[in-house]
Each structure stands twice: as structure tokens, then as C-alpha cells.
Amino acid sequence: MISTAQKDERIIVMTAENRALVRSAPRQLGNRFIDTGITEQTMVGMAAGLALRGRIPIVHALAPFLTMRAFEFIRTDVGIAHLPVKLSGYIPGFLSDGNGPTHQSIEDVAIMRGIPGMEVYCPADEDDLVKVLPSVWGNAAPAYVRINHKKGSFEHSVYVPGRAEVVAKGKDVTLLVYGFLFANALKAKELLEEEGLSVGLVNMRSLKPADEGAIVEAALGSMLLVTIEDHLQTGGLYSIVAEVLLRHRVSGTEVMPLALEERWFRPGLLGEVLETEGFTAERIAARIKNANSFYAK
Amino acid sequence: MTNAISDTLKATALRVREHIIRMAEGGGCFIGASLSCVEILVYLYAQVIRRKEGDPHDPGRDYLFLSKGHDVPALYGTFVEMGLLPASRLSHHLSTNDHIYWHPNRQIPGVEFHSGSLGHLPSVGAGVALDCKLRGSENRIVVITGDGELNEGSVWETLLVANAHGLDNLAIVVDRNQFQANIRTEELVPLEPLEDKFRAFGCVVQRIDGHEFDSLERGFETVIKGGGGKVKVIIADTVRGKGLPSIEARADRWFCAFTAREVEHLLEELHGHAAAAIESETLVVR
């Protein structure tokens, strides 16, 4: 991000006192780095004003406060005017680990995708983020990125805007996932394959636009779809899949949501959170195996 | 200010009030709120806001943001009198065939941003002001707020941030008409002492008579001069419904929808004739 910003003087990086991820920005961008203090609403309003003047603001803050504290400013100032403001939501979902429910952004996909014209991106890791970002910055739409900078070991394919990354196709189960849970989903796939199942895996990469073709193809090609997300069950990937299958009149596919049902998650270190909530690779595989035996013909 | 200029401005203000009164017919408009802002807008567009003829997107222009969006009849009335908007479009008020409704939007040339939800445009204006500073461009950015609007914390939050960045090219004009919806501000959420509050937030503050052009001229001197390192706040003391004695300073005359006959009587009242007899329901509780 910094090297792109250094070359393109339209880019302004803004934060609401959340400097951890943008530590080098003040030194490298000078007055094109703006810290407004703990003022998400003013930050977003100012981003809209900067965008009116031809800038591309990259607005970085903790995901829950960016999306919820400033929601009306995003929807009304950025959304209605359809401005090229790129929102970067830090530590979304489980990544807020020990912070507790006040800091859990588990509804951000639901509310951001509800804004007409707003794009929603959810890269799987740092490599995916780097591949997806040029598209985010390259168009004039407002965008929300569920920031995930964790280093993974998977080399992702080139990003095609609006298209998911179909890692594998499988006849028994297809896992649909986004964000940092991709790594656990990948490992869960291997565990299920060891049990003799044919398993597909799709890294969504963006949720708005969502790759409807990939969702439908997976539904038609698998007995069971599993949506995996660190997000509430309502309004995230599970809801998106439901909408897509309804729209394309695909019936007969079982869809199993692995998501948070009407609750905030138990805070702790990330590893423990994943274990407690059932999102480690082993727990994902086990939950699917139990379900599969229920659904199996 | 010479008498000639003053007389011209007063005549313009009278015609703007006629437009506002006509917009209150049928579906209605925020007539009380709009009438208090007339001299402010007329003065700004006649004497302060620099624009290039025929080039509404000139990046060197001054910006006026109407954060008190429901004042839009006053804005459009001013646009008509400044030659920025054909009067005929005002007859499309509340028709879905045009973009003339209860709040401003950018489909109308000259409107810098849409508004309606209070407490937003100070921050949008601050963003524009910041960009101008970054580019070394000497635009003036003026944001008009209501006084009820000052209930919104985002306004004060923006002032802290704007002063932290030395945005002395930003001016906030408060249409201080003492009312918000159907209640007095001082009965609901008292704002006074208001100058003290703005000064405590780092602004340089003036308080003027919002209906006297000499007073407006004094108030906007610092905006025209520029500099100073601080956000400029001009508290303009105004009268809700100014110009129509039967509407003035009343809690129940905020949003009104009148019949054609009442509008004709109000126009006569505006020109100094007897007070209009209003039969339409005028208390709108929102």
C-alpha cells in the first residue's frame, strides 16, 4: 500500500488513531497521511471531502468502529455520492481475539454489502491481499476491505475482479470460505480427504460482488456446501449463498453454515478462540463429518 | 457597504423570500427554517463565494456546504436570483421528474454536496479544506449549520480535528434562529453560552446580526482575509420565519404546507400588507 501511495499522489492514507498497520505511513507519505484521532465519523466525512477533490482516501481503522460508529457517514456521505473511498477494516471477526465483544466485527459484511454501490473484499492472507488490492484501488467505487495481513503458505492465483478462487472441486462437500479461515479450511479439506471424501474449496476473495457462478457450480457439483465465516450467520456468506441459490432456482443442495449464531464469541488468544468456537481445521472437519453422516444418502 | 449595494442585496433577499413562500404550497417546505437563512446566503453568494462563470467545477472556486439541508428553499431561491438556476425548475418542487425536494443534492448545479442528516457537512467541508491546504490552494470553504444541528456531537468532533490541522480556510456559519423543529433550543438542549463553547474548541468566533448586511459584512471580513490558524465560526443571530410576522419566531411554523390562497396572502404580508390568515395545520411534530 505504501509504495503504491508513494507513486500516486491522489492517495491519502487516513486512520483514527489505529497506527499499528500503517506505522511507516507518516514517514513515507508525509502530509498525505492523516490521523484524525479517535473520530471515525469525522474521518469518514473528511474522506468524502477529500474524494470530492479527486483524492483516493484509504481509510484505516478497527473494523467495528469504522463500520458501525461511522456507518451513517459511510452510507450517506460516501455511499450516496458513490465516492472512491477505500475502507480498511482491521482485526475483523476472530482476529479481534482477546479484545472482547465491543471489538468484534461480526456483522460488517452484512451492513457494508447493504450499501448500494459498496464493494466488499475479504482476502485470505497477505499474499491474497496484495493480489486483490490493485483492483480495489483501481476502480472508482467505494469499497470495504476486511483486512487480513496474516502470512499464509498458499500461493494464490491472479485476482480476477468479481471471481472467486476455485482451489479445488469436489463431489461430496465444497467449502466456501473467506478471510483468514481459508488456511484452516484448506487443512480441513485435507483431513476430510484422508477420510475418503471428495472435497472442493472456494476462496471467495470478494463478497460484493460475489462470484455467483462459482457458488452455483459448487452447489450443482457437490452434495453439501459448507459456508465458513467468522461472522454472524445472518447477512454474511451463508445469506449470500442462500440468496444466490434462490435466485438461480438451485434446490436440492444442502448448505451447512459454520458461523456465529446470534452471539458474540468467547474472547481469548486466537488459537483458543478457534478451538472453543469450532473453527480449527480439526473441528471444521469433525463438524462436517458429523453433518455429512446425517446428510449422506 | 454602500447604500447602493445594501439596497440591491435587500431587494434580492425579498425576491428570495418570495421563492421560499411559493415552495411552501402543496407538499410544503421548511419555510420557517429557510426564511432565517436568507440574508446569510444572499450575502455569501453576492460578496464572498468566488466562482467562475460557466465553470461550476473550477477547483479554485470557493465552496458553500449547506449542512442545514432543510434550508434548501433559501439556497435554491438564492440560486435563482444569482442566475444559477432557472426559476421554472422550482415549480417542479416534489415532483419525481426533477431533483427539487426537501433537501439539496448534486443534481442541481451549484450544490456542492447532498445533505439532510445533520452534523455531516462540517466534516466533508473539513476534508475539502484539508485538500486545499495540501495543494496550497486558497479556496474558502463555508459550511452553514443550524443551531439545533449543534446537538450532534460530530460537529464538535470535527472542530477538534479541523483545528488540529489548522484549517483556517474553513468557516462555520450558524443560523442561530433559537428553534429546532417545534421547540426552542434553550428549552430542549441549551446551547448558550455558545461563543464560549466554540472558543473552547479552538475556533475564532464572531457573533453578528444575521439579517443586517453591514453586520454580515463585518462577520465575513476574516473569512475573506483568510489565515489565522483557526477555524472561523460566525454565529448569526436570526429570526425563524423572518419577513413574515405571522410566521416569525414561532415553534409551530417550522415545516408548513399552505394552500395557494394562503401563499398569495403570505406574499402580500411579505410586502407589508396585513398578516395572512392561516387555516392549514402548521404544527408538524417530527
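Because the structure is a prediction, the values reported are computed rather than measured.

About the thresholds
Residues numbered from 1 in each chain as written. Chains lettered and ligands numbered in written order. Predicted model: local features only at pLDDT ≥ 70, side-chain atom pairs only at ≥ 80, totals over all residues. Helix = DSSP H or I, 4+ residues; strand = E, 2+ residues; numbered from the N terminus. Buried ≥ 20, exposed ≤ 12 C-beta atoms within 10 Å, placed from the backbone. Contact = placed C-beta atoms within 7 Å. Rg over C-alpha atoms; globule rule 2.2 N^0.38 Å. Pairing = 2+ DSSP bridges. Right-handed = clockwise from strand over helix to strand, strands pointing away. Axes fitted to C-alpha atoms, helices over the stretch in contact; angles between N-to-C directions. Parallel < 35°, antiparallel > 145°, perpendicular 65-115°, else oblique. Left-handed = near helix turned anticlockwise from the far one by under 90°. Nonpolar A, V, L, I, M, F, W, Y, C, P; charged D, E, K, R; others polar. Expected span 1.5 Å × (residues − 1). Bend = angle between axes of the 7 residues up to and from the residue. Core = buried A, V, L, I, M, F, W, Y, C linked by C-beta atoms within 7 Å. Domains from an automatic or database assignment.

## Let's talk about the overall build of chain A
Next up, step 1: Assigned secondary structure in chain A consists of twelve helices and twelve strands.
Next up, step 2: Taken along the three principal axes of its C-alpha coordinates, chain A extends 60 × 40 × 35 Å.
Next up, step 3: Among the 297 residues that make up chain A, the fraction classed as buried is 52%.
Next up, step 4: Long-range pairs, those at least 24 residues apart, make up 76% of the contacts in chain A with a sequence separation of at least 6.

## Regarding the overall build of chain B
Next up, step 1: Assigned secondary structure in chain B consists of eleven helices and seven strands.
Next up, step 2: Whereas a compact globule of 286 residues would reach a radius of gyration of roughly 19 Å, chain B reaches 18 Å, a difference of no more than 12%.
Next up, step 3: Counting the 286 residues in chain B, one finds 48% classified as buried.
Next up, step 4: Partitioning the intrachain contacts of chain B with sequence separation of at least 6 by distance along the chain shows that 75% fall at a separation of at least 24.

## Some details on the pairing of strand 11 (residues 224-232) of chain A
All names here are of chain A.
Next up, step 1: Of all nine residues in strand 11, nine are buried; the element is thus mostly enclosed.
Next up, step 2: Looking at chain direction, strand 8 (residues 173-177) and strand 11 are connected through five bridges and run parallel. From the neighbouring strand, Val-173 faces strand 11, where its bridge partner is Leu-224.
Next up, step 3: Pairing of strand 11 with strand 12 (residues 254-260), which is carried by six bridges, proceeds in the parallel orientation. When the bridges of strand 12 are listed, Thr-227 appears paired with Pro-257.
Next up, step 4: Note on the crossover from strand 11 through helix 10 (residues 237-247) to strand 12: the handedness is right-handed.

## Notes on the sheet that holds strand 5 (residues 119-122) of chain A
Residues and elements named next belong to chain A.
Next up, step 1: Ordered by their spatial adjacency, seven strands build an open sheet running 2-1-3-4-6-5-10, and the pairing between neighbours is mixed. Edge positions in the open sheet fall to strand 2 (33-35) and strand 10 (205-208), since each of these has one partner strand only. On average, each strand axis in the sheet is inclined to that of its neighbour by 20°, with strand direction left out of account.

## Points about the packing of helix 1 (residues 3-23) of chain B against helix 4 (residues 72-81) of chain B
All names here are of chain B.
Next up, step 1: Here helix 1 crosses helix 4 at 130°, and the two axes come no closer than 8 Å. The angle between the axes of helix 1 and helix 4 places the two elements in the oblique class. For the pair helix 1 and helix 4, the crossing hand works out as right-handed. Along its contact with helix 1, which presents Thr-12, Arg-15, Val-16, His-19, Ile-20 and Met-23, the element helix 4 presents Pro-73, Ala-74, Tyr-76, Gly-77, Thr-78, Val-80 and Glu-81.
Next up, step 2: Broken down by class, the residue content of the contact of helix 1 with helix 4 amounts to seven nonpolar, four polar and two charged.

## Quick look at helix 7 (residues 126-138) of chain A
Residue and element names in this part refer to chain A.
Next up, step 1: Taking 1.5 Å as the rise per residue, helix 7 with 13 residues should run 18 Å; its terminal C-alpha atoms sit 19 Å apart, in good agreement.
Next up, step 2: A maximum bend of about 35° is found in helix 7 at Val-132, where proline Pro-134 lies one to four positions downstream.
Next up, step 3: All buried positions along helix 7 are accounted for by Asp-128, Leu-129, Val-132, Leu-133 and Val-136.

## Some points on the nonpolar core
Next up, step 1: In this structure, Ala47(A), Leu175(A), Leu176(A), Ala185(A), Met204(A) and Val142(B) are the most contacted members of the largest nonpolar core, which totals 173 residues.
Next up, step 2: With eight residues, the top contributor of residues to this core is helix 3 (residues 40-52) of chain A.
Next up, step 3: Shared between two domains, this core holds at least three residues of each, these being domain 1 (2-146) and domain 2 (165-295) of chain A.
Next up, step 4: Discounting chain neighbours no more than four positions away, the residues touching Val142(B) are Leu44(B), Val48(B), Ile49(B), Tyr63(B), Leu64(B), Ala171(B), Val173(B) and Val223(B).

## Comments concerning the sheet that holds strand 7 (residues 165-168) of chain A
Residues and elements named next belong to chain A.
Next up, step 1: A sheet is described by the order of its strands in space; here five strands give the open sequence 7-9-8-11-12, paired in mixed fashion. Bordering the open sheet on either side are strand 7 and strand 12, each of which pairs with just one other strand. The average angle at which neighbouring strand axes cross in this sheet is 20°, direction not considered.
Next up, step 2: Both strand 8 and strand 9 (residues 199-203) contribute to a ladder of five bridges, which runs parallel. The partner of Thr-174 across the bridge, within strand 9, is Gly-200.
Next up, step 3: Sheet contacts for helix 8 (residues 182-194): strand 7, strand 8, strand 9 and strand 11; angle to strand 9, the most-contacted strand, approximately 170°.

## Re the pairing of strand 1 (residues 63-66) of chain B
Looking down a regular strand, the side chains alternate between one sheet face and the other.
Residue and element names in this part refer to chain B.
Next up, step 1: Alternating residues of strand 1 divide into Tyr-63 and Phe-65 and Leu-64 and Leu-66, and every residue in both groups is buried.
Next up, step 2: Sheet topology places strand 1 next to strand 2 (residues 141-146); four bridges connect them, and they run parallel. Bridge pairing in strand 2 links Leu-64 to Val-142.

## As for the domain arrangement of chain A
All names here are of chain A.
Next up, step 1: The domains assigned to chain A are domain 1 (2-146) and domain 2 (165-295).
Next up, step 2: Taken together, the contact between domain 1 and domain 2 spans 25 residues of the former and 27 residues of the latter.
Next up, step 3: Counting only elements with at least two residues in the side of domain 1 that touches domain 2, the list comes to helix 6 (108-113), strand 5 and helix 7.
Next up, step 4: With four residues, the top contributor of residues to the side of domain 1 that touches domain 2 is strand 5.
Next up, step 5: Of the residues in the side of domain 1 that touches domain 2, the class split is 13 nonpolar, five polar and seven charged.

## Quick notes on the interface of chain A and chain B
Next up, step 1: On the chain B side, the residues contacting the 21 residues of chain A number 16 residues.
Next up, step 2: Secondary-structure elements contributing two or more residues to the side of chain A that touches chain B are helix 3 and helix 5 (71-79) of chain A.
Next up, step 3: If one sorts the elements of the side of chain A that touches chain B by residue count, helix 3 of chain A sits on top with nine residues.
Next up, step 4: Looking at the side of chain A that touches chain B residue by residue, the class counts come to eight nonpolar, nine polar and four charged.

## Section: unusual backbone geometry
Residue and element names in this part refer to chain A.
Next up, step 1: Each neighbour pair has its own omega, and for Lys-208 with Pro-209 the value is 0°, a cis peptide bond.
Next up, step 2: Relative to the helices and strands, Pro-209 resides in the loop between strand 10 and helix 9 (212-221).
Next up, step 3: The phi torsion at Arg-249 lies on the positive side, around 55°, for a residue other than glycine.
Next up, step 4: As for its position among the elements, Arg-249 is in the loop between helix 10 and strand 12.

## Quick look at the packing of helix 3 of chain A against helix 6 (residues 153-164) of chain B
Next up, step 1: Where helix 3 of chain A contacts helix 6 of chain B, the axes come no closer than 9 Å and their chain directions differ by 70°. The orientation of helix 3 of chain A with respect to helix 6 of chain B, classified from their angle, is roughly perpendicular. Two secondary-structure elements touch here, helix 3 of chain A through Gln41(A), Thr42(A) and Gly45(A) and helix 6 of chain B through Ser154(B), Glu157(B), Thr158(B) and Val161(B).

## Overview of the environment of Leu260(A)
All names here are of chain A.
Next up, step 1: Relative to the elements of secondary structure, Leu-260 occurs in strand 12.
Next up, step 2: Given 22 C-beta atoms within 10 Å, Leu-260 falls into the buried group.
Next up, step 3: Counting along the chain gives 167 residues from Leu-260 to Gly-93, while the straight-line C-alpha distance between them is 9.9 Å.
Next up, step 4: Excluding its chain neighbours within four sequence positions, the residues that come into contact with Leu-260 are Ile-106, His-231, Leu-232, Gln-233 and Phe-265.

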